[in-house]
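# A closer look at the structure
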Amino acid sequence: MSVHTASIQDLTRASKLTVSFRLLLSLYLMIPLCLILQLLDAGIWQGALKAQLPSSPSHFLLFQILFGTPHIIASAVVLASNGDYWQCYQRKILLMTVALAAFFGIGSLFIPYKALYVLVAAWTVLHVLKQQHGVARGICRLPAWAYQLLLWLSVVAGIFIYIGIFLKNSLDMQQAEWLKHIIGGLCIGLAGSAVLCQRYVKTALGKCFLWANVLLILGSFYLYAQQYYFLAILAPRVVHDATAYIFYVTHDYNKHRPEPKNRIYRFSAACQLPIFIVLPTLSFALAFVLQAYGDGLVNQLAQFFFGVEVRKAVTLGLLGYLALMHYYTESFTWKQDSPYRKFIGFSQ
């Protein structure tokens, strides 16, 4: 998402809800919360919390149902359920679907698994951080070079942190130590660049946003270095997903409140459901069903009809495809001139 400040007059007359920059900034309180938990565990709880935490939030099914999968499904629902959006972007979606099928179908035959993993990890980190820096750009109003400098230092550091966490069992001690040195150097560069760039930010709120994104990386690196891998991923994951939901719900409220424009909101209006809960409820329910029962159901059907076993067709196949398409479509659906943005306004 790339955000530029816009007045409420840019919305349709019947649309009244705006995205609050202060609300978005409050989500970054997840960073000090994770740091406080780590300090309490190291100083008082004698590592009891660390011993119970997995190496990644994705290892918790409940976490995936709450934070990982729902916002990806919500993004797909917004795009697929509105005919005008589908008509506008269907060519791009179909071409990307073919490209992904060809790359992962053919590429998996000769590209090593770790290389594919690193590519997907890099795309994931780029998507997460580009959204957060794009949101902050609207209120920081940094020069293009400063925005790009902070973004790419964050992305490269984030990719190495991601690799260090998820491929830690593949690294020997020397490689792991070198990785920490590289990330540490990038974090020093990021902090120094932020000090240099903050002079271009004219408001206190903008400076807070700038440093919140910097601390998102610095905090994750510190937690990674302390081997609190779950907490290192948790903070950026929650900030990113919650930010996305604020945009989705605001968009749907402004688009469908005057008059429901698709079947989902016509049905919810008939049931007198508040617009605010429709998309979150639907996406959380779908995430639960697909994560908890999808693989088993597809495997049973495949064995019954074809006598073959199919593993992780939903959690790896379908949800993996939706995740990659989410990374792709979010790079243009929220741009300034997109049809989505007619229903988004901003306030402090």
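Residues numbered from 1 in each chain as written. Predicted model: local features only at pLDDT ≥ 70, side-chain atom pairs only at ≥ 80, totals over all residues. Heavy atoms only, no water.

## What to know about the packing of aromatic side chains
- This structure, assessed with the given rule, holds 22 aromatic pairs.
- Between Tyr245 and Phe284 the ring centres are 5.7 Å apart and the planes differ by 40 degrees, which places this aromatic pair in the tilted class. You can see Tyr245 sitting in helix H11 (residues 229-256) and its partner Phe284 sitting in helix H13 (residues 275-306), a full 39 residues away along the chain.
- For Tyr245, a relative accessible area of 12% puts it in the buried group.
- Aromatic pair Phe305 and Phe306: ring centres 6.5 Å apart, planes at 55 degrees, arrangement tilted.
- Take Phe305: its relative accessible area is 57%, and that puts it in the exposed class.
- A relative accessible area of 66% means that Phe306 is categorised as exposed.
- When the ring centre of Tyr147 is taken as origin, the NZ or CZ atom of Arg137, which lies over that ring, is 4.1 Å away. (Phe/Tyr/Trp six-rings, centres within 6.5 Å; stacked < 30°, edge-to-face > 60°. Helix = DSSP H or I, 4+ residues; strand = E, 2+ residues; numbered from the N terminus. Buried < 20%, exposed > 50% of the residue type's maximum accessible area, 1.4 Å probe, protein only. Lys NZ or Arg CZ within 6 Å of the ring centre and 35° of its normal.)

## Side note on unusual backbone geometry
- The phi dihedral of Gln227 is positive, around 65 degrees, even though this residue is not glycine.
- Looking at where Gln227 falls in the secondary structure, it is placed in the loop between helix H10 (204-225) and H11.
- For Gln227, a relative accessible area of 40% puts it in the partly exposed group.
- The phi dihedral of Gln272 is positive, around 60 degrees, even though this residue is not glycine.
- On the secondary structure map, Gln272 appears in the loop between helix H12 (263-270) and H13.
- The exposure class of Gln272 is exposed, given its relative accessible area of 71%.

## Some remarks on H10
- Under the 1.5 Å per step criterion, the end-to-end length of H10 is 31 Å for 22 residues, consistent within 8% with the ideal 32 Å.
- Gln227 sits one or two positions beyond H10 and adopts a positive phi of about 65 degrees. (Expected span 1.5 Å × (residues − 1).)

## Quick notes on the environment of Gln148
- Positionally, Gln148 belongs in helix H8 (residues 144-166).
- It is 9.9 Å that separates the C-alpha atoms of Gln148 and Lys130, two residues lying 18 residues apart in sequence.
- For Gln148, the side chain forms a polar contact with the side chain of Trp152, separated by 2.9 Å. (Polar contact = N/O pair within 3.5 Å; in protein donor to acceptor, adjacent residues only side chain to side chain.)

## Describing the confidence of the model for the protein chain
- Averaged over the protein chain, the pLDDT score is 89; the fraction of residues at 70 or greater is 93%.
- Overall, residues 2-15 carries pLDDT values under 50, and its contacts beyond four positions in sequence, including any with other chains, amount to 38 contacts. (pLDDT = per-residue confidence, 0-100. Contact = heavy atoms within 4.5 Å.)

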